[in-house]
Amino acid sequence: MDVDQLDLNPRIIAAVKKAKLKSIKEVLHFSGPDLQRLTSLSGADVQQLLSAASSRLRGGSVFTALDLRLQKERFPAQHRRLSLGCPVLDALLRGGLPLDGVTELAGRSSAGKTQLALQLCLAVQFPRRHGGLEAGAVYVCTEDVFPSKRLQQLIAQQQHLRTDVPGDVVEKIKFGNHIFIEHAADVDTLLECVSQKVPVLLSRGLARLLVIDSVAAPFRCDFDVPASAPRARRLQALGAVLRQLSATFQSPVLCVNQVTEAVGEQGAVPRPPGAREERLCPALGITWSNQLLMRLMADRRRPEDALAPPGLPTRTLRVVFAPHLPPSSCSYTVTAEGVRGTPGTESC
């Protein structure tokens, strides 16, 4: 676009042409001070010039971030989600896991983290109209052997869990043939796996989900000092690779994480009988937290909490942070069929 198309004082247009700036894009390549030096115009004239140029180039329509988010048909990839295989859990996450970004699922032992990770490995194989991505999953084990027996149990129960999917569709999916299992006992092996092996599967369309269970185990074994600089650099390297994989192949990354528990002094704050003041903190610290798009916390009421008031949910899934979600939670159960959210327990 030529500068003559700008609705400006002819004096300003003449100064711009004298500076040999012929197009609006050329004008916008310079900052305000640079334009002042080139054109000898005042600061007010330059601001008027920049405003007119940007408005002309942008057009008459101005969109806010909310406007762009609501235009799902123009940006379908930003709104696509991977279903968790349960309508209650999907409602908590507004559709499921985002395709671009690293999601952490943290929680204490026996909370059901691995159960949900396995369920996602099956959910990703469903057709898109049923919340899947029509591809397999890569499951990287770092501390325990892969729970193949539990996986077979979940596969056998898919028709009971996924009542929203026609039975003939479920029967056609060969779930066990599309889960690729890797073992990584140390940080170097884990980095090699995600930077060399996983990209091959994602690039060929064989997998669209990466699960690491758990991300903390290799770092706790290889580094004695939690706050060490080498550990931080390796965490940043891992986070960078995972984010790049997710963005390049539009594939969700789920990292199961361990937690540390800090117990406060009893009686410091009035609490219900039998309840203890606890703070569950995901492992690996702030360095790892900065690599995440979303953090979920799975918690389970323990046997020693038997004196807690009746009616408290046994298991709770909580959204700790996410750019597109408010802090919220719901209770869930783990059965032979899989992980199910409990209707009516959603809270913000």
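Residues numbered from 1 in each chain as written. Predicted model: local features only at pLDDT ≥ 70, side-chain atom pairs only at ≥ 80, totals over all residues. Heavy atoms only, no water.

Let's talk about the side chain of Arg-150
Here comes step 1: If you trace the backbone, Arg-150 turns up in helix H9 (residues 148-156).
Here comes step 2: Buried and unpaired, Arg-150 has Glu-337 as its nearest opposite-charge partner, separated by 9.2 Å.
Here comes step 3: Non-local contacts of Arg-150, meaning those with residues more than four positions away in its chain, are made with Gln-115, Leu-118, Val-334, Thr-335, Ala-336 and Gly-338. (Helix = DSSP H or I, 4+ residues; strand = E, 2+ residues; numbered from the N terminus. Buried < 20%, exposed > 50% of the residue type's maximum accessible area, 1.4 Å probe, protein only. Lys, Arg positive; Asp, Glu negative; His and termini not counted. Salt bridge = Lys/Arg side-chain N within 4 Å of Asp/Glu carboxyl O. Contact = heavy atoms within 4.5 Å.)

Concerning the packing of helix H12 (residues 187-203) against helix H14 (residues 229-249)
Here comes step 1: Here H12 crosses H14 at 5°, and the two axes come no closer than 11 Å. Compared by their axis directions, H12 and H14 come out roughly parallel. Every residue of H14 that contacts H12 at Val-187, Asp-188, Leu-190, Leu-191, Val-194, Ser-195, Val-198, Pro-199, Leu-202 and Ser-203 is listed here: Arg-234, Ala-237, Leu-238, Val-241, Leu-242, Leu-245 and Phe-249.
Here comes step 2: Class assignment for the residues of the contact of H12 with H14 results in 13 nonpolar, two polar and two charged. (Axes fitted to C-alpha atoms, helices over the stretch in contact; angles between N-to-C directions. Parallel < 35°, antiparallel > 145°, perpendicular 65-115°, else oblique. Nonpolar A, V, L, I, M, F, W, Y, C, P; charged D, E, K, R; others polar.)

Topic: helix H3 (residues 32-39)
One turn of the α-helix equals 3.6 residues, which is why residues spaced by three or four share an orientation.
Here comes step 1: All of the buried residues along H3 are Gly-32, Leu-35 and Thr-39. Taken around the axis of H3, the buried residues stretch over an arc of 60°, which confines them to a single face.
Here comes step 2: On its buried face, H3 is in contact with helix H1 (10-18), helix H2 (24-28) and helix H4 (43-58).
Here comes step 3: Looking one or two residues beyond H3, the residue adopting positive phi is Ser-40, at roughly 60°. (Arc of directions from axis to C-beta.)

Some points on the sheet that holds strand S7 (residues 253-257)
Here comes step 1: In spatial order, the strands read S5-S4-S6-S7-S3-S10-S11-S12-S13; together these nine strands make up an open sheet with mixed pairing. Looking at which strands have only one partner, the edges of the open sheet turn out to be strand S5 (179-183) and strand S13 (338-341). Looking at each pair of strands side by side, their axes are set apart by 25° on average, direction ignored.
Here comes step 2: The pairing of strand S6 (residues 207-213) with S7 spans four bridges and is parallel. Across the sheet, Leu-210 pairs through a bridge with Val-253, a residue of S7. (Pairing = 2+ DSSP bridges.)

Some remarks on the packing of H3 against H4
Here comes step 1: For the pair H3 and H4, the least separation of the axes is 9 Å and the interaxial angle reads 115°. Relative to H4, the element H3 is oriented roughly perpendicular. The hand of the H3/H4 crossing is right-handed. Residues Gly-32, Leu-35, Gln-36 and Thr-39 of H3 touch H4, and the partners they reach there are Gly-43, Val-46, Leu-49 and Leu-50.
Here comes step 2: By residue class, the composition of the contact of H3 with H4 is four nonpolar, four polar and no charged. (Left-handed = near helix turned anticlockwise from the far one by under 90°.)

That's the geometry; what it means functionally is another story.
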